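# Structure at a glance
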Amino acid sequence: MIEVKDLHKYFGALHVLKGIDLTVQKGEVLSVIGASGSGKSTLLYCINALETIEQGEVIVDGVSVHAKSTDINKLRQNLGMVFQQWNSFPHLTATENVALAPKIVSGKSRQEAREIAVKQLEHVGLGDKLDVYPSALSGGQQQRLAIARALAMEPDYMLFDEATSALDPELVGEVLDTMRLLAEEGMTMICVTHEMGFARDVSDRVAYFHQGMMEEIGPPAQIFGEAQSEQTRKFLANVR
Ligand SMILES: Nc1ncnc2c1ncn2[C@@H]1O[C@H](COP(=O)(O)OP(=O)(O)OP(=O)(O)O)[C@@H](O)[C@H]1O
Ligand SMILES: [Mg+2]
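Procedures and definitions
- Residues numbered from 1 in each chain as written.
- Chains lettered and ligands numbered in written order.
- Predicted model: local features only at pLDDT ≥ 70, side-chain atom pairs only at ≥ 80, totals over all residues.
- Heavy atoms only, no water.
- Helix = DSSP H or I, 4+ residues; strand = E, 2+ residues; numbered from the N terminus.
- Buried < 20%, exposed > 50% of the residue type's maximum accessible area, 1.4 Å probe, protein only.
- Contact = heavy atoms within 4.5 Å.
- Lys, Arg positive; Asp, Glu negative; His and termini not counted.
- Charge placed at Lys NZ, Arg CZ, Asp CG, Glu CD.
- Near = heavy atom within 4 Å.
- Polar contact = N/O pair within 3.5 Å; in protein donor to acceptor, adjacent residues only side chain to side chain.
- Areas by Shrake-Rupley, 256 points an atom, 1.4 Å probe, with all protein chains shown as cover.
- Domains from an automatic or database assignment.
- Buried area = accessible area lost by both parts, 1.4 Å probe.
- Salt bridge = Lys/Arg side-chain N within 4 Å of Asp/Glu carboxyl O.
- Nonpolar A, V, L, I, M, F, W, Y, C, P; charged D, E, K, R; others polar.
- Pairing = 2+ DSSP bridges.

## Comments concerning the overall build of the protein chain
Looking only at helices and strands, one finds nine helices and 10 strands in the protein chain. Dimensions of the protein chain, computed from C-alpha atoms along their principal axes, come out at roughly 55 × 45 × 30 Å. Counting over 240 residues, the protein chain shows a buried share of 50%. Counted over contacts in the protein chain with a minimum sequence separation of 6, partners at least 24 positions apart contribute 64%. When the 22 basic and 32 acidic side-chain charges of the protein chain are each reduced to a single mean position, those positions are 3 Å apart.

## Section: the site of ligand 1
Taken together, F11, L14, V16, A35, S36, G37, S38, G39, K40, S41, T42 and E162 make up the full set of residues near ligand 1. In this structure, an oxygen atom belonging to ligand 1 sits 2.8 Å away from a side-chain N or O atom of K40. In the complex, 59% of the free accessible area of ligand 1, which totals 640 Å², lies under the protein chains. Taken together, the elements giving at least two residues each to the shell around ligand 1 come down to strand 2 (14-24) and helix 1 (40-47). Sorting elements by how many residues they give to the shell around ligand 1 places helix 1 first, with three residues.

## A short note on the domain arrangement of the protein chain
Per the domain assignment, the segments making up the protein chain are domain 1 (26-51 + 68-78 + 155-240) and domain 2 (88-154). Taken together, the contacts link 17 residues of domain 1 with 15 residues of domain 2. Here domain 1 meets domain 2 over a buried area of about 1,200 Å², counting both sides, of which 68% is carbon and sulfur. Taken together, the links from domain 1 to domain 2 amount to one salt bridge. For R144, the salt bridge identified is with E174, shortest N-O distance 2.8 Å. Here domain 1 is connected to domain 2 by four residue pairs in polar contact (both at pLDDT 80 or more). Mapped by element, the contributors of at least two residues to the side of domain 1 that touches domain 2 are strand 7 (157-161) and helix 6 (169-184). In terms of residues, the side of domain 1 that touches domain 2 owes the most to one element, helix 6, which gives seven residues. Within the side of domain 1 that touches domain 2, the residues separate by chemical class into 11 nonpolar, three polar and three charged.

## What about the pairing of strand 8 (residues 188-192)?
The buried fraction of strand 8 is high, at five of five residues. Residues T188, I190 and V192 point to one face of strand 8 and M189 and C191 to the other, with burial holding for every one of them. Bridging between strand 7 and strand 8 involves five bridges; their strand directions are parallel. Looking at the pairing, Y157 lines up with T188 of strand 8.

## Section: the sheet that holds strand 2
Strand order in the open sheet formed by four strands is 2-1-4-5, and the pairing between neighbours is antiparallel. Strands at the two margins of the open sheet, each flanked by one partner only, are strand 2 and strand 5 (63-64). Strand direction decides the pairing type here: strand 1 (residues 2-11) and strand 2, joined by eight bridges, are antiparallel. Within the sheet, the bridge partner assigned to Y10 lies in strand 2 and is H15.

The following block contains the structure:
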């Protein structure tokens, strides 16, 4: 499980995360919503140690992420991350892109890495694009390729940072479907998203971030139906 305890993050004088307490259980899907600049991406980056933290602690499966003794590379293999836009290597085919990390990071043989790649590309619905170069893939297919690349390390956790925000509207659905499939398979996921339908239908809980604080967290029925916080209600009234 992922435990975030009294997490504070500053960029210089800017206090970006102001004491976040959050536990994500194995198999849980958490959606994180909130206005631009509220600290959603920063939270994800603090969880997989792409950012330092100034106070508090992040613990993944009992390991303190920001402790000096922690093997960050090993930790990141267990935390797959998908960004808004992912540039896969243009000179490598889909299969070669996915096989890269298993080969280089996990030391798998060429053959093993290829088998993992084919399996994960089929998993995300790209079984017919194995030998295609990224430039020949649609935006939605490129995002699914990014998901396959993350899955190739067999992570226990997946972190999505607005994985569909850069896509044309007609391509959003196929990526959300892939994320939904992972959720149904039991993947533990934290999804920063603007897709309220996804947050409502797929998540176990939804966290609303406001100005660096977790203003409210609860099941979708609470957040979307009977939010406790005035601020949450105000935000949702504007995005829907
Ligand atoms: N590397 C950085 N250096 C300085 N300030 C930063 C840095 N990264 C983020 N910030 C600031 O921290 C605050 C939170 O940013 P963050 O990217 O976490 O917001 P967000 O909720 O993900 O927003 P969005 O919905 O626009 O992606 C913002 O005020 C942002 O300008
Ligand atoms: Mg962001």
